[in-house]
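Each chain, letter by letter, is given below.
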Amino acid sequence: MTLTITQLHKHFVGEAAGVDLSQPLDAGTIDEINRAMDTYAVLVFRDQPLTQTQQLDLARSFGPLDMGLKKLKKQPDRLEHAELADISNVGDAGGTVARDSKKIVSNIANQLWHSDSSFQQPAARYSMLAAVQVPSSGGDTEFADLRAAYDGLPEEMKTEIEGLEAEHYALHSRFLLGDTDYTEEQKAALPPVWWPLVRTHPGSGRKILFAGIHARSIKGWTVAEGRMLLMDMLEHATQPEYVYAHKWRPNDLVIWDNRATLHRGRRFDLSQPRELRRATTLDVGTNERAAA
Ligand SMILES: [Fe+2]
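In what follows, the accompanying structure is described. Since the model is a prediction, treat every value here as computed from it, not as a measurement.

Cut-off values and rules
- Residues numbered from 1 in each chain as written.
- Predicted model: local features only at pLDDT ≥ 70, side-chain atom pairs only at ≥ 80, totals over all residues.
- Helix = DSSP H or I, 4+ residues; strand = E, 2+ residues; numbered from the N terminus.
- Rg over C-alpha atoms; globule rule 2.2 N^0.38 Å.
- Buried ≥ 20, exposed ≤ 12 C-beta atoms within 10 Å, placed from the backbone.
- Contact = placed C-beta atoms within 7 Å.
- Core = buried A, V, L, I, M, F, W, Y, C linked by C-beta atoms within 7 Å.
- Pairing = 2+ DSSP bridges.
- Axes fitted to C-alpha atoms, helices over the stretch in contact; angles between N-to-C directions.
- Expected span 1.5 Å × (residues − 1).
- Arc of directions from axis to C-beta.

What follows covers the overall build of the protein chain. Scanning the protein chain for helices and strands turns up eight helices and 15 strands. The globule rule puts the C-alpha radius of gyration for 292 residues at 19 Å, and the 18 Å found for the protein chain is close to it. C-alpha extents for the protein chain along the principal axes are approximately 45 × 45 × 35 Å. Of all 292 residues assigned to the protein chain, the portion counted as buried reaches 40%. Nonlocal contacts in the protein chain, meaning residues at least 24 apart in sequence, comprise 83% of its contacts between residues at least 6 apart.

Spelled out as structure tokens, the structure:
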């Protein structure tokens, strides 16, 4: 098979064709996809109806799987495999869940710009999101290119932020949304981790502005000053110049590199089902200078 790619945005995102993701991939194809991910950071595959097991098998061929917030066990699983994240507003009975359910908080938390599992060590490398059903309007997923965002910083800002480390905490975004109902055990299950604010992507060699909503402080700075810098960096990285909006169709499979991008879901009518499934690989091997 030959992977062909059409670039969809000035800076990043490729629409990929020529490969059937439901079948086991040979080493050469995996290598091609990895190299394409290093270049494009986001790959869009259309018309790839995958069973839940096929989606997990695909993810496993790129590395060990990430469980993310599932460690907190706040919601019962609806899907066949614990390793799949249920990115949906659909309940066990098949209809949409009530507006005040915990699941809607998760939906809304996904609408804040983030890098999946940046609050843990190791964090996530690839997320693979498959669309099952989508609302008639809204509910896009947007991606921001953190490499282009870094390149676009003024030189004096690049100098100022070089060497800074940001604290990433799993529940920071939830607290921002008023979701504070966690036990001490749950809070302790995912202790904060530190990541350099400027990182180098091992596959592309490009520098990355590693911001996102999980970041809540800068090492050695006051909370207020650090948080303001993080908000400034997030605002910079997510300006339209660096953003691609993906309009979902059922059977889309989108893979993104959490080391090189941020993403967020967009608002949609919560009375309409939006059902996506995510498999995620762990970023083993590129955890430079991180400390708990
Ligand atoms: Fe996410």
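To continue, consider unusual backbone geometry. With omega at 0°, the peptide bond leading from Q121 into P122 counts as cis. Among the structural elements, P122 can be located in the loop between α3 (102–109) and β5 (124–133). Positive phi, normally seen in glycine, also occurs at S117, with a value near 60°. Topologically, S117 is positioned in the loop between α3 and β5. Judged by the 25 C-beta atoms lying within 10 Å of it, S117 is buried. Not every positive phi belongs to a glycine, and N251 is a case in point at roughly 75°. Assessed through the 14 C-beta atoms surrounding it within 10 Å, N251 is described here as partly exposed.

Before going further, it helps to spend a moment on the nonpolar core. Judged by nonpolar contacts, the single largest core of 65 residues is most densely connected at V42, M128, A144, L146, L209, A211 and A237. Leave out the neighbours within four places in its chain, and L146 touches I208, L209, F210, A237, A260, T261 and L262.

On to the environment of W248, then. Within the fold, W248 resides in the loop between β12 (243–246) and β13 (253–257). Using a count of 21 C-beta atoms within 10 Å as the deciding quantity, one classes W248 as buried. Separated by 113 residues in sequence, W248 and P135 have C-alpha atoms that sit 9.0 Å apart.

Turning our eyes to something else, we now look at the sheet that holds β12. What the three strands build is an open sheet, ordered β12-β6-β14; its pairing is antiparallel. On the outer flanks of this sheet lie β12 and β14 (261–265), each paired with one strand and no other. In this sheet, neighbouring strand axes are inclined to one another by 20° on average, regardless of whether the strands run parallel or antiparallel.

Let us now look at the environment of R259. Following the sequence through the fold, R259 ends up in the loop between β13 and β14. The sequence separation of R259 and Q48 amounts to 211 residues, and the corresponding C-alpha distance is 25 Å.

Looking now at helix α8 (residues 223–237). Its 15 residues give α8 an end-to-end C-alpha distance of 21 Å, which sits within 8% of 21 Å, the value for a rise of 1.5 Å per residue. For α8, every residue scored as buried is listed here: G226, L229, L230, M233, L234 and A237. Buried residues along α8 cover an arc of 135° about the axis, so they all sit on one side. Turned more than 90 degrees from where α8 packs its buried face, A224, E225 and E235 sit exposed. Contacts from the buried residues of α8 go to β6 (141–145), α4 (146–151), β7 (165–168), β10 (207–209), β11 (215–218) and β14.

Across the sheet, which stays open at both edges, the seven strands sit in the order β1-β2-β3-β13-β5-β15-β4 with mixed pairing between neighbours. The open sheet terminates on both sides in strands that have one partner only, identified here as β1 (4–7) and β4 (85–88). Sheet twist, expressed as the average angle between the axes of neighbouring strands with direction ignored, equals 25°. One ladder, built from three bridges, connects strand β2 (residues 14–17) with strand β3 (residues 42–45); its direction is parallel. Across the sheet, residue G14 finds its bridge partner in β3, namely L43. The strands touched by helix α1 (residues 27–40) within the sheet are β1, β2, β3, β5 and β13, with β3 carrying the most contacts at an inclination of about 120°. The strands touched by helix α2 (residues 52–60) within the sheet are β5 and β15 (275–282), with β15 carrying the most contacts at an inclination of about 25°.

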